[in-house]
Structure formats: C-alpha cells, structure tokens
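Chain residues, written in single-letter form:
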Amino acid sequence: MTIKKKPNYNFIIGSILTGLIVALALVSLVYTPYDPDAMDAANKFAGISLKHPMGCDNFGRDIFSRVMEGTKNTLFVALGTVAIGTVFGILLGAFTGYFGGILDEILMRINDAIFAFPSILLALVIVSLLGSGKYNVMIALGIAFIPSFARIVRAEFLKNRELDYVKSARLMGAGSLRIMFVHILPNTFSVLASSVMIGFNNAVLAEAGMSFLGIGVQPPDASLGRMLSEAQTYLFSTPSYAFFPGLVIILMVLGFSLLSEGISQKSV
Amino acid sequence: MSDVILEVNQLNTYYKERGEKKKHVCKNITFQMEQGEILGLVGESGSGKTTLVKALLGMVKDKEGAIKLNAKMPQMIFQDPYSSLNPSKKIGWLLQEPLRIKGGFTKEEREKKAYEMLKKVGLNDNIFNHYPRQLSGGQRQRVSIALALMLEPELLIADEPVSALDVTIQAQIMDLLLKLKEEMGLSILFISHDLRVVYKMCDRVLIMEDGEIVEQGKVEEVYKNPAHPYTKMLLEAVTTV
Ligand SMILES: Nc1ncnc2c1ncn2[C@@H]1O[C@H](COP(=O)(O)OP(=O)(O)OP(=O)(O)O)[C@@H](O)[C@H]1O
Ligand SMILES: [Mg+2]
C-alpha cells in the first residue's frame, strides 16, 4: 500500500506570495517606474491608469513606486529586527540554558520582566529614548524581540544538554563553546525556524504600526505603515491610496504565515 | 602483575529530582579493574549500572568517594544509540570530530582514519554521508563503537552495547569487540543484564543489586559457585529458560 502524499499547499502558496513580495522589494533597489518621492502637481490624486497602475497620492507621487519602496523599507526593518532578536536571543538562550545556575536565574527573571510588556510598547519606550527613524526602530523592535527568542533557545538547550550526544561530545574533549554552537545549536534550528517566521510577521506589523503612529520610518523614506497613516485623510476620496499598501501588508503576513505553517508540516 | 587501570573506592551517587527527596543510587561501590581485562557489570534493570559508569566518567554531579582512572581519554559506548549520535551531523563528520578537537590532522588524514574505522567495525563506506536517522539500530551501535575508538582509548566502557539488537547481530558485535580488544589492547568495562553474554565476553564480573556490588570474581568461579543469593537467582533465571 502506498500512502499518497498531499501536496503542501501552505508551503507552495506561502513561497509564491513571499517570493513575489521579496522580488518587489529587490526590484525597487534598482528600478521603480517613477522616483517614489517625485511630486507632480498635475497628477494629484490621479486615478488608476496604465501610467499609474495604483494611482497617485496627495502630492502626485506614483503610489506603485512608493509601495515598492515601502515594501523594501518594511522588509528591511523586519529583517533587521529579526536578526537582532535572533542573534542575541541565541546567545542569551544558549548560555543560560547550557550553564544554568545563578546567572540563568537572574537573566531569566529579567527576561520574564521584559517579556511581560507587549513588545510594541517596549519598542515605543526605546524609540522615545533613541529617537525615531528606521535604524532606531530596528534596534528598538530587535531588543523587544530578544526575550521571546531567548526563551525558545534556552528551552531547547536545557533539553539537549542532558542528551547522550552532548555527553559523548564532552568525552571527545569538546569545550563548552564548541558543544553549544557546533553540536547543540543546529538541533534547535527547526524550532527556531518557525519562531523566526512568526517573529518576522510580528516585526512587519510592529513596524507598520509604529510608522502609522509617526514614530517609525521617517519622511522622505516610504514605508507601508507610513503610507497607510498618510492615506487616512483621503480614505473616502482616494481609497486606492490606503488599499494598496494595506494589501501588501496583508499579503506579506499571509505569505509568511503560510510558509512557516508549510515548513513545520514538512518537517513532521 | 598487570597494572590497575581503574580503582573505585566507596563511591556513592545521588539523584535529586525537583520536589522529590534525594535518591541514593550507587551505594559504597568498591572495585578494581586491571589493564587489558574485560570486566563485566551485571544487574537487573534499574540497579544503577548506567549511573555507576556515568559517575566514573564525571557525568553525575552529585557523588562522593574516590575514583582513580589510569587511562587517557576513556570512551563510552552509550546504552541508547538513538540519543548518543547527534541527529544533525553526518556519520563522517561525527567520526572526524574527536580528531578535529584533538587537532594536528589534515582533512585528508581525518577522513582516511574515519573510513578505516568504518571498515574496522564492519560498516560500508557509503554510511559516511548518512545521517544517524537513516541507519538501523545495529548500524548505529557500530557507529557508536567506531566513534568511541577514534581516539584509541585505553579504557572502553560499553553500556549494554548488544541488548537492543537481535541475536545474530549481538554475536557479530561481541566478536567485533573481542577482535578490537586483541588488536588495540583495550580494557573493557562491559555492562549487560544478560549472564550468557557476560560469560562469553568477560574475564571477571561484578554483580550489582539495587546499587550495591554484592559479588565479584572470575566469571567461571562466580557462575559455578555463586555465593550471594541474588547471583543464584540470576543464574537460575538463565538456566530455566
Ligand atoms: N538522570 C536521572 N535522574 C534521576 N534519576 C535517574 C536518572 N537516571 C537514572 N535514574 C534512576 O536511577 C536508577 C538507576 O538507573 P540506571 O539507569 O543507572 O539503571 P541501569 O542499571 O542502567 O538500568 P538498565 O539496565 O535499564 O539500563 C533508576 O531508578 C533510575 O530511575
Ligand atoms: Mg542502563
């Protein structure tokens, strides 16, 4: 008897959506149909046309070009956020999980305290200290994300350090750092991968939220959240202004959710 | 007179689980092991055999007593070949790891030694690029043996290396260990709960009951004239099967 394998639709659709959006961002690095910041009084609130497939905004800027630019910035901030969160989360989780003891107790209590705040709230506090702008948002969100990654990594290290393969590595003469980062760390990747994906989604939403509130990415940089915020006033007169950035955010989050779902299905 | 490779004096070990009271596992363990011998360690499941040898290699934190090890880089074949091989590493990588850590080998030298060791334990070359999950239990057990022998240890601790295997493969692994012992001059501390396996493999035997060593001596003598009731019981259990 053969068991027929159902195609992994989550993975397929997730990869396609994510691929399209990443492609959009990558293309914006070298080409946008118009300069995203070029104002053109003649085209104020221009409707959807062949020349402006998503129309123009209140300054006559091409919305499609700005969506491309905004997608790039939003992805960039999300990527940076996740990178900061994962790298420091791994370091913190690895050391506390592997060594345990008093250091673990102290760091994890601090971790819990930070974790108790919603990460966006924490990021707001940090941004108010550092000032706004895309790099500060990245750092603020990154710091806010560290505790959740640290927890996951710590739990994996706690579990793995008791396994015989770690004892075997010690018998071979491997030092602690080598055991932590060469022997144990790769075994946490499958668990880490799905939380990185979820973290990425949260970062996209957090960046959009902060930029929407005006404390995230600053003009002249475009970001999807900023565009939504700017479009508020014209929601009824020019709905396309808010619609397209919103759509990209939704597709981005949907794509990543499906992809992470698909990956966890695959590894079962 | 042969040299003593391992001397254990009044060893006690404890486990403490959260919220429970301390569990005294090994109780006043005292024995010696000589260079070049195969010493059997027999006892029922849960009597503390694994705990004892883990304590000898420093893997049990809560212990008291004296352990004198006269062997460089003692190695161990773990009881469970499923958790003792790192699931994210290929066999070839694992076999080279002890040499990588020791240092002073080129990549070619390491690979050559790893392939030689695979051959020695009777495994095919293509295993080199496999992950542990792709191997059968018997193959994993051989990989564990190969891994333990990469550093050419003087003392090998084998924790029930054949218990999980079927009878023909058991015999193969036992022959392999005996052959390697001759070739490399190993001393082996061999754990088993199977008295017949111990009879075939070992020179001397320690009988363990509930954390204590209740009897020790030459295998033939212990089997012919068991002094302790527990040993008699174990032997009767075998002969009546
Ligand atoms: N890490 C641990 N933490 C707490 N208790 C443990 C731990 N490992 C073993 N024990 C307990 O110690 C006792 C002895 O276990 P051990 O594994 O040494 O027995 P064993 O003789 O090797 O048995 P087997 O033949 O089944 O392998 C058992 O009661 C077991 O539950
Ligand atoms: Mg055991």
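See the structure printed just above.
The notes below deal with the structure included here. (Residues numbered from 1 in each chain as written. Chains lettered and ligands numbered in written order. Predicted model: local features only at pLDDT ≥ 70, side-chain atom pairs only at ≥ 80, totals over all residues. Heavy atoms only, no water.)

### Remarks on the environment of I120 of chain A
Residues and elements named next belong to chain A. What counts, and what does not: Labels follow the DSSP assignment, with helices taken as runs of H or I lasting at least four residues and strands as runs of E lasting at least two, numbered in each case from the N terminus. With a 1.4 Å probe rolled over the protein chains alone, any residue whose accessible area is under 20% of its type maximum counts as buried; one over 50% counts as exposed, and the rest are partly exposed. Here a residue-residue contact requires only that any non-hydrogen atoms of the pair lie within 4.5 Å.
Assignment of secondary structure puts I120 in helix α4 (residues 119-130). Judged by relative accessible area, which is 36%, I120 ranks as partly exposed. Residues I120 and N202, 82 residues apart in the sequence, show an inter-C-alpha distance of 9.3 Å. In this structure I120 touches A206 and M210, once residues within four positions along its chain are discounted.

### Remarks on the coordination of the magnesium ion (ligand 2)
The criterion, for reference: Only N, O and S atoms count as donors, using a 2.8 Å limit from the metal and a wider 3.2 Å limit for Na, K and Ca, and since water is excluded some coordination spheres may look unfilled.
Protein coordination at the magnesium ion (ligand 2): the donors are T50 of chain B (OG1) and Q79 of chain B (OE1), at 1.9 to 2.2 Å from the metal. Linking T50 of chain B in helix α1 (residues 49-56) with Q79 of chain B in the loop between β6 (75-77) and α2 (91-102), this pair joins segments that are 29 residues apart in sequence.

### Overview of the interface of chain A and chain B
Let me state the cut-off plainly: The quantity reported as buried area is the accessible area (1.4 Å probe) lost by two parts once they are put together, taken as the sum for both. A pair is scored as a salt bridge if a Lys or Arg side-chain nitrogen falls within 4 Å of a carboxyl oxygen belonging to Asp or Glu. Whenever a nitrogen or oxygen atom comes within 3.5 Å of another N or O atom, the pair is scored as a polar contact, on the condition that within protein one atom can donate a hydrogen and the other can accept it, and that pairs from neighbouring residues in sequence are kept only if both atoms are in side chains.
Each partner contributes residues to the interface: chain A has 13 residues there, and chain B has 23 residues. Across the chain A to chain B interface the summed buried area is about 1,600 Å²; carbon plus sulfur atoms make up 60%. On the chain A side of the contact with chain B, D164, L171 and M172 of chain A bury the most area, a combined 45% of that side's loss. The tally of links from chain A across to chain B stands at two salt bridges. Residues K54 of chain B and D164 of chain A are paired through a salt bridge, measuring 3.0 Å at the closest nitrogen-oxygen approach. The tally of links between chain A and chain B comes to nine residue pairs in polar contact (both at pLDDT 80 or more). For the side of chain A that touches chain B, the elements supplying multiple residues, two or more each, are α6 (164-171) and α7 (176-184) of chain A. Of all the elements, α6 of chain A adds the most residues to the side of chain A that touches chain B, at five residues.

### Comments concerning the pattern of salt bridges
Residue and element names in this part refer to chain A. Applying the stated criterion across every chain yields a total of 27 salt bridges over all chains. Note that R151 is salt-bridged to D112, the shortest N-O span being 2.9 Å. One end of the pair, R151, is in helix α5 (residues 134-161); the other, D112, is in helix α3 (residues 101-116), and 39 residues separate them in sequence. Take R151: its relative accessible area is 35%, and that puts it in the partly exposed class. Residue D112 is classed as partly exposed on the basis of its relative accessible area of 27%.

### Examining the layout of surface pockets
So the rule is basically this: Only protein atoms enter the 1 Å grid used here, on which a cavity is any set of points holding a 1.4 Å probe that cannot leave and a pocket is any open set flanked by protein within 12 Å on both sides along at least five of seven lines; residues with an atom within 4 Å of a point are listed as lining. Grid points are joined across faces, edges and corners, and a volume is the space filled by probe spheres set on the points. Throughout this entry, Asp, Glu, Lys and Arg are counted as charged residues, while Ala, Val, Leu, Ile, Met, Phe, Trp, Tyr, Cys and Pro are counted as nonpolar. The remaining residues, Gly among them, count as polar.
In this structure, the largest pocket encloses a volume near 1,100 Å³. In terms of lining, the largest pocket is formed by 25 residues, of which the most central are R161, E162 and K167 of chain A together with M59 and K61 of chain B. Its residues assigned to classes, the lining of the largest pocket comprises nine nonpolar, three polar and 13 charged.

### Some points on helix α2 (residues 63-99) of chain A
Stated formally: In a helix, the anticipated span is given by 1.5 Å times the number of residues less one.
A rise of 1.5 Å per residue sets the reference length of α2 of chain A, with its 37 residues, at 54 Å; its end C-alpha atoms lie 53 Å apart and thus fit the reference within 8%. The positive-phi residue at the C-terminal boundary of α2 of chain A is G100 of chain A, with phi of around 60°.

### Looking at the sheet that holds strand β8 (residues 187-192) of chain B
Residues and elements named next belong to chain B. This is how it is decided: Strand pairing is assigned whenever DSSP identifies at least 2 bridges connecting the two strands. Note on method: axes are straight lines fitted to C-alpha atoms, helices fitted across the in-contact stretch only, with angles between N-to-C directions ranging 0 to 180 degrees.
Within the open sheet, the six strands sit side by side as β6-β7-β8-β4-β9-β10. Their pairing is mixed. Only two strands of the sheet have a single neighbouring strand rather than two, namely β6 and β10 (212-218). Strand-to-strand, the axes of this sheet are offset by a mean angle of 15°, without reference to chain direction. Seen against the sheet, helix α4 (residues 137-149) touches β6 and β7 (155-159) and runs at an angle of roughly 175° to β6. Packing of helix α5 (residues 167-184) onto the sheet brings it into contact with β4 (38-43), β6, β7 and β8, and relative to β8 it is tilted by some 165°.

### Some words on the environment of V153 of chain A
Residue and element names in this part refer to chain A. Tracing the backbone through its elements, the reader meets V153 in helix α5. For the pair V153 and L92, spaced 61 residues apart in the sequence, the C-alpha separation amounts to 8.2 Å. Once residues within four sequence positions are removed from consideration, V153 is found in contact with G89, I90, G93, A94 and L192.

### Brief notes about the pairing of β10 of chain B
As a general feature of sheets, a regular strand has side chains that alternate between the two faces. Residues and elements named next belong to chain B. In this structure, strand β9 (residues 204-209) lies alongside β10, joined through six bridges in antiparallel fashion. Across the sheet, the residue bridging to M208 is I213, located in β10. In textbook terms, the turn of a hairpin is the stretch between consecutive antiparallel strands, and for β9 and β10 this stretch comprises two residues, one of which, D210, has a positive phi near 50°.

### Let's talk about the packing of aromatic side chains
Aromatic ring pairs are reported here in terms of the distance separating the ring centres and the angle at which the planes meet. Note the cut-off: For this analysis, a ring pair means two rings from Phe, Tyr or Trp (six-membered ring only for Trp) whose centres lie within 6.5 Å, classed as stacked if their planes differ by under 30 degrees, edge-to-face if by over 60, and tilted for the remaining angles. Think of it as a cone above the ring: NZ of Lys or CZ of Arg counts as a charge over the ring if it is within 6 Å of the ring centre and within 35 degrees of the ring normal.
Considering all chains together, one arrives at nine aromatic pairs over all chains under this definition. Ring geometry for Y98 of chain A against F99 of chain A: centres 5.1 Å apart, planes inclined by 85°, an arrangement best described as edge-to-face. For F99 of chain A, a relative accessible area of 45% corresponds to the partly exposed category. With centroids separated by 5.1 Å and ring planes inclined at 75°, the aromatic side chains of F243 of chain A and F244 of chain A adopt a geometry described as edge-to-face. Across the ring face of W93 of chain B, the terminal group of K89 of chain B is positioned such that the distance to the ring centre comes to 4.6 Å.

### Concerning the site of ligand 1
Residue and element names in this part refer to chain B. Counted only if it meets this: A cutoff of 4 Å decides nearness: a residue is near a molecule or strand if any of its heavy atoms lies inside that distance of it. The Shrake-Rupley method, run with a 1.4 Å probe sphere, supplies the accessible areas, and residue values consider only the shown protein chains as cover.
Among the 14 residues in the neighbourhood of ligand 1, the closest are listed as S45, K49, T50, T51 and Q79. Contact distances for ligand 1 include 2.5 Å between an oxygen atom and a side-chain N or O atom of S45. A distance of 2.8 Å is found between an oxygen atom of ligand 1 and a side-chain nitrogen or oxygen belonging to K49. Burial of ligand 1 by the protein amounts to 67% of the accessible area it has alone, namely 640 Å². By residue number, the principal contributor to the shell around ligand 1 is α1, which donates three residues. Among the residues making up the shell around ligand 1, the classes are represented as two nonpolar, seven polar and five charged.

### Overview of empty space enclosed by the protein
Within this structure, the stated rule accounts for two cavities of 30 Å³ or more. Space inside the largest cavity adds up to approximately 90 Å³. In terms of lining, the largest cavity is formed by S168 and M172 of chain A together with Q75, M76, I77, F78, S84, L85, S144, L147 and A148 of chain B. Of all the elements in the fold, those that place two or more residues in the lining of the largest cavity are β6 and α4 of chain B. Residue classes in the lining of the largest cavity are distributed as seven nonpolar, four polar and no charged. Quantified by volume, the second largest cavity comes out at close to 30 Å³. Sort the elements by how many residues they give to the lining of the second largest cavity and α6 of chain A lands first, with three residues. Of the residues in the lining of the second largest cavity, the class split is six nonpolar, four polar and no charged.

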